[in-house]
Amino acid sequence: MSIAIYPGSFDPVTTGHLDIIKRAAAQFDRLIVCVMVNSEKRGLFPHEDRVRFLRTVTANLPNVEVDASPMLLADYARTRNATCVVKGLRALSDFEKEFQMALINRKLNPGLETMFLSARQNYTYLSSSITKELASYHVPLKGFVPAEILEEVQRRMEQELAH
């Protein structure tokens, strides 16, 4: 059974993330979407909400599981018997950091490969950070976050970012 992990902060999950999830799920027997800790980012949504949002938007994907972990990705992958990490790339600038992380993960867990999926052209501009910035200006987030969570995400982001 092929098991892959799609890690991220997903703060919040965007339509670009969901596109990568769907495409990766088609390539593996099981895809674990894992909310991870990123020491470089200060999160807006608690991990529990990010997991709930992801479970809502992936409910129709039977081979997708959503989890959260504070572990190092290479160690987490070992505990889940995953052999591949899926990373979405929007631009060349994403590749440099993700390539470095792929090499580190392989050094720490030699059986762990990384698969890079290029973002579809209509998602190359999209990130959670951009979504939060737009919400702070009360821009409607339709098309930026999945429809199933749109209203809650929009409302909560505007409340949080207004302070």
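Just so it is clear, the structure is predicted and the values come from calculations on it, not from any experiment.

(A) Focus on the sheet that holds strand S5 (residues 113-118). Read from one edge of the open sheet, 5 strands run S3-S2-S1-S4-S5, paired in parallel fashion. Both edges of this open sheet fall to strand S3 (64-69) and S5, since each of them pairs with a single strand only. Taking the axes of each pair of neighbouring strands and ignoring which way they run, one obtains an average angle of 30° across the sheet. Bridge count for strand S1 (residues 3-8) against strand S4 (residues 84-89) is 2 bridges, and the pairing is parallel. Pairing of Ala4 across the sheet is with Cys84, part of S4. Packing against the sheet, helix H1 (residues 15-25) makes contact with S1, strand S2 (30-36), S3, S4 and S5, and its axis sits at approximately 125° to S5. Relative to the sheet, helix H4 (residues 92-108) contacts S4 and S5, its axis offset from that of S5 by approximately 160°.

(B) Highlighting the nonpolar core. Among the nonpolar cores identified, the biggest contains 35 residues, and Leu31, Val33 and Val86 are the most heavily contacted of them. Looking at this core, the element that brings in the most residues is H1, giving 5 residues. With near-sequence residues (within four places) excluded, Leu31 lies in contact with Ala4, Ile5, Tyr6, Ile21, Ala24, Ala25, Asn63, Val64, Glu65 and Val86. If you look at the next biggest cluster of nonpolar residues, it comprises 11 residues, including Ile32, Met36, Leu73 and Val85.

(C) Expanded view of the side chain of Ser69. Relative to the assigned elements, Ser69 resides in strand S3. Only 3.0 Å separates the side chain of Ser69 from the backbone nitrogen of Met71, close enough to count as a polar contact. Beyond its immediate chain neighbours, meaning those up to four positions away, Ser69 contacts Cys34, Val35, Met36, Val37 and Tyr76.

(D) Structural view of unusual backbone geometry. Here the amide bond leading from Asp11 into Pro12 is cis, since omega sits at 0°, within 30 degrees of zero. You can see Pro12 is positioned in the loop between S1 and H1. Despite not being glycine, Phe10 shows a phi value in the positive range, around 50°. Counting through the fold element by element, Phe10 comes out in the loop between S1 and H1.

(E) Just H4, in detail. Helix length check: H4 (17 residues) gives 25 Å between terminal C-alpha atoms against 24 Å at 1.5 Å per residue, within 8%. Buried residues of H4: Asp94, Glu98, Ala102 and Asn105, and no others. Take H4 and look down its axis: the buried residues cluster within an arc of 65°, on one side only. Opposite the packed face of H4, turned more than 90 degrees from it, sit the exposed residues Leu92, Ser93, Glu96 and Lys107. On its buried face, H4 sits against helix H3 (73-79), S4 and S5.

(F) Representation of the environment of Leu150 in the model. You can see Leu150 is positioned in helix H6 (residues 150-162). With 10 residues separating them in the primary sequence, Leu150 and Pro140 have C-alpha atoms 9.2 Å apart.

Cut-offs applied
- Numbering of residues starts from 1 in every chain and runs along the sequence as written.
- For a predicted model such as this one, the threshold for reporting local features is a pLDDT of at least 70, and the threshold for listing and counting side-chain atom pairs is 80 or more; totals across whole chains, interfaces and linings nevertheless cover every residue.
- Just so you know, side-chain values use all the structure's heavy atoms and leave hydrogens and water out.
- Following DSSP output, two strands are said to pair if at least two bridges run between them.
- Comment: elements are numbered from the N terminus, with helices defined as DSSP H or I runs of at least four residues and strands as E runs of at least two.
- Here an axis means a line fitted to C-alpha atoms, over the contact stretch when the element is a helix, while the angle between two N-to-C directions is reported on a 0 to 180 degree scale.
- We call two residues contacting when some pair of their heavy atoms lies within 4.5 Å.
- Take the buried Ala, Val, Leu, Ile, Met, Phe, Trp, Tyr and Cys residues and link them wherever side-chain atoms come within 4.5 Å; each set so joined is a nonpolar core.
- Under the scheme applied here, a residue whose accessible area is under 20% of the maximum for its type counts as buried, over 50% as exposed, and between as partly exposed, the area being computed with a 1.4 Å probe on protein chains only.
- Polar contact criterion, stated in full: a pair of N or O atoms within 3.5 Å, where within protein one must be able to donate a hydrogen and the other to accept it, and residues adjacent in sequence count only if both atoms are side-chain atoms.
- Multiplying one less than the number of residues by 1.5 Å gives the expected span of a helix.
- Arc definition: directions from the helix axis to the C-beta atoms.

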